[in-house]
Amino acid sequence: MQMLFKIQPYCFILYLLFIGVCLGATLASGAFSAPAIFQASSIVPNLEISVFQSGILMTSIFTKLNTLLNVLAIFILLYEILALRISGTKLAPLLGFISVILIFLFTMYYTPYVLEAQKLGEEAVANATFDAMHTQSVYVFKTLMASLCLLFIVRLLKADNGYKDR
């Protein structure tokens, strides 16, 4: 247990760094890539790309992001369970568990649904059911970004307060 206390600052830095990287990746994929991909034909002259094809490109980006997010979810679970047992604080672990639920909801429920619909063709994504699922996935993704941001801030503020006491 004493070794755990010696490596804790390094794990904490790695934890914050990993959350920051994933926050940046979610922001880049959602806010930067999506508009460029779905407006590609207006950006590049004479580019003939449909919304369905743009969706396939976007899904390719999200499947890569999902791998990163799933690794983060496991890291959050491990770190927050240990932190809960050691420190007893409840806000950061709660935010961590909410983030994990949102990550797994996005990566293991919404993304497979979109992939399956895309395999069925354009008709499968051009209906109200798909639109509703896609809208839900966007809300989950935005909420995930917010929860990760809050987790990052809460953990950073707790560290700042901890160093002021020393």
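Scroll up for the structure.
Every value quoted in this text rests on a predicted model; they were computed, and no experiment measured them.

Visitor: Mind laying out the overall build of the chain, listing which residues take part and the relevant values?
Guide: Helix and strand counts for the chain come out as six helices and zero strands. Listing each helix as α and each strand as β along the chain from the N terminus yields α-α-α-α-α-α. Each of the three principal axes of the chain carries a C-alpha extent, and together these read 60 × 30 × 20 Å. Looking at the chain as a whole, 34% of its 166 residues are labelled buried. Taking the intrachain contacts of the chain between residues at least 6 apart in sequence as the baseline, contacts between residues at least 24 apart amount to 77%. Carbon and sulfur atoms make up 70% of the accessible area of the chain, which amounts to about 10,100 Å² in all. Looking at the chain, you have 10 positive and 8 negative side-chain charges, and the mean spots of the two groups are 21 Å apart.

Visitor: Residues and numbers for helix α4 (residues 91-120), please.
Guide: Counted at 1.5 Å a residue, the expected span for α4 with its 30 residues is 44 Å, and the 43 Å between its end C-alpha atoms agrees. Following α4 by one or two positions, G121 adopts a phi angle in the positive range, close to 110°.

Visitor: How would you explain the packing of helix α3 (residues 51-87) against α4 if you had to name every residue and give the values?
Guide: In the contact formed by α3 and α4, the axes pass within 8 Å of each other and the chain directions differ by 155°. In terms of their interaxial angle, α3 and α4 are classed as roughly antiparallel. Judged by the twist between their axes, the crossing of α3 over α4 is left-handed.

Visitor: Requested: an account of the pattern of salt bridges, with residues and values cited.
Guide: Taken as a whole and judged by the stated rule, the model has one salt bridge. Residue R155 is joined to E80 by a salt bridge in which the shortest nitrogen-to-oxygen separation is 2.5 Å. Placement of the pair is R155 in helix α6 (residues 128-164) and E80 in helix α3, with a sequence separation of 75 residues. Accessibility assignment for this pair places R155 and E80 in one class, buried.

Visitor: Give a detailed account of a nonpolar patch on the surface, specifying residues and quantitative values.
Guide: Taken together, the side chains of L14, L17 and V21 make up a nonpolar region of the molecular surface, amounting to roughly 280 Å² of accessible area. Mapped onto the secondary structure, V21 falls in helix α1 (residues 2-38).

Visitor: Help me get a handle on the packing of aromatic side chains, residues and values and all.
Guide: Enumeration over the complete set of coordinates arrives at eight aromatic pairs. Relative to F106, the ring of F62 has its centre 5.5 Å away and its plane inclined at 70°; by these criteria the two rings are edge-to-face. In this pair, F62 is assigned in helix α3 and F106 in helix α4, connecting sequence segments 44 residues apart. Given the relative accessible area of 16%, F62 is considered buried. Where Y109 meets Y110, the ring centres are 4.9 Å apart and the plane angle is 75°; that geometry is what we call edge-to-face. For Y110, a relative accessible area of 7% corresponds to the buried category. Taken together, Y15, F18, F75 and Y79 form an aromatic cluster joined through their ring pairs.

Visitor: Can you tell me about the nonpolar core, naming the residues and giving the values?
Guide: L72, I76 and L151 are the most contacted members of the largest nonpolar core, which has 33 residues in total. At the level of elements, α1, α3, α4 and α6 are the ones that each hand at least two residues to this core. Discounting chain neighbours no more than four positions away, the residues touching L72 are F18, I19, C22, I103 and L148. Core analysis: the next-biggest nonpolar cluster, separate from the first, contains six residues, V114, A117, A124 and V125 among them.

The rules behind each value
Residues numbered from 1 in each chain as written. Predicted model: local features only at pLDDT ≥ 70, side-chain atom pairs only at ≥ 80, totals over all residues. Heavy atoms only, no water. Helix = DSSP H or I, 4+ residues; strand = E, 2+ residues; numbered from the N terminus. Buried < 20%, exposed > 50% of the residue type's maximum accessible area, 1.4 Å probe, protein only. Contact = heavy atoms within 4.5 Å. Areas by Shrake-Rupley, 256 points an atom, 1.4 Å probe, with all protein chains shown as cover. Lys, Arg positive; Asp, Glu negative; His and termini not counted. Charge placed at Lys NZ, Arg CZ, Asp CG, Glu CD. Expected span 1.5 Å × (residues − 1). Axes fitted to C-alpha atoms, helices over the stretch in contact; angles between N-to-C directions. Parallel < 35°, antiparallel > 145°, perpendicular 65-115°, else oblique. Left-handed = near helix turned anticlockwise from the far one by under 90°. Salt bridge = Lys/Arg side-chain N within 4 Å of Asp/Glu carboxyl O. Patch = residues over 30% accessible without salt bridge, like charges linked within 9 Å, V, L, I, M, F, W, Y side chains within 5 Å. Phe/Tyr/Trp six-rings, centres within 6.5 Å; stacked < 30°, edge-to-face > 60°. Core = buried A, V, L, I, M, F, W, Y, C linked by side-chain atoms within 4.5 Å.

Remember that the coordinates give geometry; whether it matters functionally is a separate question.
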